[in-house]
Amino acid sequence: MAGSKIAIYGAIAANVAIAVTKFVVAGITGSSAMLSEGIHSAVDTFNGVLLLVGIRLSQRPATAEHPFGYGKELYFWSLIVAVLIFGLGGGVSFYEGIQHMRHPEPMRDATWNYVVLGLAALFEGTSFFIALREFRREARGRPFWQALVQSKDPTTYTVLAEDSAALAGLGVAALGIWASHRFDMPALDGAASVVIGLLLAGVAVLLISQARGLLIGEGIRPETARAIRSLAMAQPSVQDVGHVLSMYIGANEVLAIVDVNFKDGTATGEAADAIAAIEQQVRARFPMIRRLFIEASEAPVEPLAPA
């Protein structure tokens, strides 16, 4: 979580500076795209604070009411962040763009817009590379896209998604401002704001989909379940392995239940040794499985007491 916090702090610092600057210049120049970008940065700042709240709440110790802890708090707050990106970031930008297209106003001065967009790109790029560095560190050598798809820590990939959308939005805003000024068509500035709104909405939908899957009980990947079955089947006393039930209960914490059938005549002690070996091997290979329960479908045989 330390790496996630570094990425979030970097994003908050960048977005505060950028949002203030964008709003000031939007008021000076009357640019709709710049106003949308200011709204976007303000929403991203608030989102960073919510992610920090999620991290803090998710680290509370387990209680009698929540025996598996509060790890899913992080998924709840990441869902709230995604909804805010969709509603406040995407929705307001889209609405502002439509209004500007319906009632276009000539841009008073485009120079300041370019200056701010350049500074914003510098700050956003710095935030993006901080988040990317922390993400690569967590990926532990895995290919980028594979690590991104498999990541269950919403803090880092949310910051990455926000910064990517921000950099793309800056490019769209710059193009809209240039076209509006070059062709003397103020409506193009509004069109850029609409595109920014759609871009943010698209990113938000992806984040909502990821958060939804984790909140409703997403489990480990099929290949991980197959590997656990193979480890269990390697024990001489195991006849078959049934269901491998699992669920992410935190960013790096999985609950797993393995259903094991022992061979006929397996003694209780032999079964206990096999279960201990399976647990040790699974935990060593998959450290994110913090809570592992192995159930014996067929009860082992108690050894007969000597006469």
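Look up: the structure comes first, before these words.
Residues numbered from 1 in each chain as written. Predicted model: local features only at pLDDT ≥ 70, side-chain atom pairs only at ≥ 80, totals over all residues. Heavy atoms only, no water.

The subject of this paragraph is the overall build of the chain. Of the regular secondary structure elements, the chain holds nine helices and three strands. For the chain, the sequential pattern of α-helices and β-strands runs α-α-α-α-α-α-α-α-β-β-α-β. Radius of gyration (C-alpha) of the chain: 26 Å, far over the 19 Å computed for a compact globule of 307 residues. Evaluated residue by residue, the chain yields a buried proportion of 46% over its 307 residues. For the chain, long-range pairs separated by at least 24 residues make up 75% of all intrachain contacts whose partners lie at least 6 apart in sequence. On the chain, roughly 15000 Å² of surface is accessible, and the fraction owed to carbon and sulfur atoms is 65%. (Helix = DSSP H or I, 4+ residues; strand = E, 2+ residues; numbered from the N terminus. Rg over C-alpha atoms; globule rule 2.2 N^0.38 Å. Buried < 20%, exposed > 50% of the residue type's maximum accessible area, 1.4 Å probe, protein only. Contact = heavy atoms within 4.5 Å. Areas by Shrake-Rupley, 256 points an atom, 1.4 Å probe, with all protein chains shown as cover.)

Inspection of every chain in the model, using the stated rule, returns three aromatic pairs. Ring centres of Phe76 and Trp77 lie 5.2 Å apart, and the angle between their planes is 80 degrees; on these two criteria the pair is classed as edge-to-face. Given the relative accessible area of 36%, Phe76 is considered partly exposed. On the basis of an interplanar angle of 85 degrees and a centroid distance of 5.8 Å, the ring pair of Trp178 and Phe183 is categorised as edge-to-face. Since its relative accessible area comes to 46%, Phe183 is described here as partly exposed. A cation over an aromatic ring shows up here: Arg60 above the ring of Tyr70, its NZ or CZ 3.8 Å from the ring centre. Here the guanidinium or amino end of Lys152 rests over the ring plane of Tyr248, the centre of that ring lying 5.6 Å away. (Phe/Tyr/Trp six-rings, centres within 6.5 Å; stacked < 30°, edge-to-face > 60°. Lys NZ or Arg CZ within 6 Å of the ring centre and 35° of its normal.)

Turning to the sheet that holds strand β1 (residues 238-250), a few remarks are in order. One open sheet holds the three strands; their spatial order is β1-β2-β3, and the pairing between them is mixed. In this open sheet, the two edge strands, each paired with only one partner strand, are β1 and β3 (289-296). If you compare each strand with its neighbour and ignore which way they point, the axes differ by 15 degrees on average. Across seven bridges, strand β2 (residues 253-262) lies against β3 in parallel orientation. Looking at the pairing, Val254 lines up with Ile289 of β3. (Pairing = 2+ DSSP bridges. Axes fitted to C-alpha atoms, helices over the stretch in contact; angles between N-to-C directions.)

Further remarks concern the nonpolar core. In summary, soluble globular proteins display a tendency toward joint burial of nonpolar side chains. Of all hydrophobic cores here, the largest spans 68 residues; its most connected members are Ile228, Val258, Val282 and Ile289. Here Ile289 is in contact with Ile228, Val254, Ala256, Val282 and Arg283, once residues within four sequence places are set aside. (Core = buried A, V, L, I, M, F, W, Y, C linked by side-chain atoms within 4.5 Å.)

Packing of helix α8 (residues 222-233) against helix α9 (residues 268-285) leaves a shortest axis separation of 9 Å and a crossing angle of 145 degrees. The way α8 lies across α9 gives a crossing that is right-handed. Contacts between α8 and α9 pair Ala227, Ile228, Leu231 and Ala232 from the former with Ile278, Gln281, Val282 and Arg285 from the latter. Here the contact of α8 with α9 is composed, by residue class, of six nonpolar, one polar and one charged. (Left-handed = near helix turned anticlockwise from the far one by under 90°. Nonpolar A, V, L, I, M, F, W, Y, C, P; charged D, E, K, R; others polar.)

Once that is clear, we can look at the pattern of salt bridges. Summed over all chains, the structure comprises six salt bridges. A salt bridge links Arg60 to Glu73; its shortest N-O distance comes to 2.6 Å. Separated by 13 residues along the polypeptide, Arg60 in the loop between α2 (32-58) and α3 (73-102) and Glu73 in helix α3 bring together distant segments of the chain. Between Arg221 and Glu223 there is a salt bridge, and its shortest N-O distance comes to 3.0 Å. Take Glu223: its relative accessible area is 39%, and that puts it in the partly exposed class. (Salt bridge = Lys/Arg side-chain N within 4 Å of Asp/Glu carboxyl O.)

Another aspect to go through is the pairing of β2. Burial analysis of β2 places eight of its 10 residues in the buried class, the great majority of the element. Examined bridge by bridge, β1 and β2 share nine bridges and lie antiparallel to one another. Each bridged residue has a counterpart across the sheet, and for Asp240 the counterpart in β2 is Asn261. Counting the residues between successive antiparallel strands, the hairpin from β1 to β2 contains two residues. Crossover β2 to β3 through α9 is right-handed. (Right-handed = clockwise from strand over helix to strand, strands pointing away.)

Quick look at the side chain of Ser127 now. By secondary structure assignment, the location of Ser127 is in helix α4 (residues 111-139). Among the residues examined, Ser127 registers a relative accessible area of 2% and is labelled buried. Setting aside residues no more than four positions away along its own chain, Ser127 makes contact with Gly10, Ala11, Ala14 and Asp163.

Here Val115 shows up in helix α4. Between the alpha carbons of Val115 and Gly91 there is a distance of 26 Å; along the sequence they are 24 residues apart.

It is worth spelling out the side chain of Asp163 at this point. On the secondary structure map, Asp163 appears in helix α6 (residues 154-182). If near-sequence neighbours (up to four positions away) are discounted, Asp163 is found in contact with Glu124, Ser127 and Phe128.

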